[in-house]
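Structural features, examined
Residue strings, one per chain:
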Number of protein chains: 2
Amino acid sequence: MTVSTAALYELLAAVKFDSNGLVPVIAQQHDTGEVLMMAYMNRDAIEETLRLGRVCYWSRSRQAMWRKGETSGQVQNLVDLRLDCDGDTLLALVDQEGVACHTGRRNCFFLAIRGNQLTTISEPLVSEKDLYGK
Amino acid sequence: MTVSTAALYELLAAVKFDSNGLVPVIAQQHDTGEVLMMAYMNRDAIEETLRLGRVCYWSRSRQAMWRKGETSGQVQNLVDLRLDCDGDTLLALVDQEGVACHTGRRNCFFLAIRGNQLTTISEPLVSEKDLYGK
């Protein structure tokens, strides 16, 4: 999806950014409902995401635009971007190419309690070496 | 679900809390995949959630424990609690009784761009008066 400038500014005005100018974004695979990851966007990342129809985050660790999949090829094509009732969280419905997690897993939420311990409940589909060439 | 003390402490040790001692939590309906809401937990809220099998958040606005549904009856029964790859986001798979959003909608993500404007894409299933008696 891509949007008009008017709609973009209306959305940006409705978002309550935190003290760092960021808003958390949940990425969900649009057809299966799988929650893939959570990351953050600033105003510029929201604008780029909506203009290009491809998800761009703000990397807090690198303090730079994070065009998801730019290095790995695992891009997220935007299907819909939704804002919540109090304006402080976004839900991005996406079509994920390949895997969302830097570990090579389809999604990032693979640690859970099983029996008496924290357990890895899914395995990588692709190696980090294949994703990042290192 | 409820868990052992050993597993609880292992999970708590793996969570990277932010500078306010909080971690964001995505609540997802376990069977339909619907993303219901996002809120925050502190250590005590995680412990209570896992011990009782019912979701408890930390309310940033009220600065108090927020036992979801305590006033409205719209509780979230915990099915699974998962931690992401870098330890800074939780995904709670829940069985939501009634509606998750304080507006009476099933989920909080009801604002989206349609045509040239930000649009409400779902309507309340129950009134706020019926939820909160005011």
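Here, the structure is the one placed above.
In short, a report on the structure. Sequence order sets the numbering: in each chain, residues are counted from 1 along the sequence as written. In the order they appear in the text, chains get letters beginning with A and ligands get numbers beginning with 1. This being a predicted model, a pLDDT of at least 70 is required before a residue's local features are given, and a value of 80 or more before pairs of side-chain atoms are given or counted; all residues contribute to the totals for chains, interfaces and linings. Only hydrogens and water are removed before side-chain values are computed, so all heavy atoms of the structure are retained for them.

Overview of the nonpolar core
Counting residues in each nonpolar core, the largest one holds 83 residues, and the members touching the most others are Ile46 of chain A together with Ile46 of chain B. Those residues in contact with Ile46 of chain A, other than ones at most four positions away along the chain, are Leu8, Leu11, Leu12, Val15, Phe17, Val23, Met41, Leu81 and Leu90 of chain A. Put simply, a nonpolar core is a bunch of buried Ala, Val, Leu, Ile, Met, Phe, Trp, Tyr and Cys residues held in one set by side-chain atoms that sit within 4.5 Å of each other. When a residue's accessible area, from a 1.4 Å probe over protein chains only, is under 20% of the maximum for its type it is buried; when over 50% it is exposed; and in between it is partly exposed. Note on definitions: a residue-residue contact is assigned when non-hydrogen atoms from the two residues lie within 4.5 Å.

Quick word on the packing of aromatic side chains
Residue and element names in this part refer to chain A. Aromatic pairs are defined between Phe, Tyr and Trp rings, using the six-membered ring for Trp, whenever the two ring centres lie within 6.5 Å; interplanar angles under 30 degrees are classed as stacked, those over 60 as edge-to-face, and all others as tilted. Counting across every chain of the model gives two aromatic pairs over all chains. Taken together, a centroid distance of 5.2 Å and an interplanar angle of 45 degrees make the contact between Tyr57 and Trp66 tilted. Overall, Tyr57 belongs to the buried group, its relative accessible area being 0%. Sitting over a ring, as applied to charges here, requires NZ of Lys or CZ of Arg to be within 6 Å of the ring centre and within 35 degrees of the ring normal. Its end group placed over the ring of Phe110, Arg105 keeps NZ or CZ at 3.9 Å from the ring centre.

Looking at the sheet that holds strand 8 (residues 117-120) of chain B
Here, any two strands with at least 2 DSSP bridges between them count as paired. Segments assigned H or I by DSSP are reported as helices when at least four residues long, segments assigned E as strands when at least two residues long, and all are numbered from the N terminus. Spatial strand order, 2(A)-1(A)-6(A)-5(A)-7(B)-8(B): six strands in an open sheet with mixed pairing. Each of the sheet's edge strands pairs with one partner strand only, and the pair in question is strand 2 (35-41) of chain A together with strand 8 of chain B. Between one strand and the next, the sheet's axes are offset by a mean angle of 40 degrees, whatever the strand orientation. Inspection of the sheet shows strand 1 (residues 23-29) of chain A paired to strand 6 (residues 90-96) of chain A by five bridges, in the parallel sense. Here an angle of 0 to 180 degrees is reported between the N-to-C directions of two axes, which are lines fitted to C-alpha atoms, with helices fitted over the stretch in contact.

Let's talk about the interface of chain B and chain A
Where the parts come together, the accessible area they lose is often given as the size of the interface. Counting residues at the interface gives 41 residues for chain B, matched by 41 residues for chain A. Taken together, the two surfaces of chain B and chain A that pack against each other cover about 3200 Å², and 66% of this comes from carbon and sulfur. Values labelled buried area give the accessible surface lost by two parts on being combined, using a 1.4 Å probe and summing over both. When the buried surface of chain B facing chain A is broken down by residue, Cys85, Phe109 and Ile113 of chain B rank first, second and third, together holding 20% of it. Between Asp80 of chain A and Arg114 of chain B there is a salt bridge, with the nearest N and O atoms lying 2.8 Å from each other. A side-chain nitrogen of Lys or Arg and a carboxyl oxygen of Asp or Glu constitute a salt bridge if their distance falls within 4 Å.

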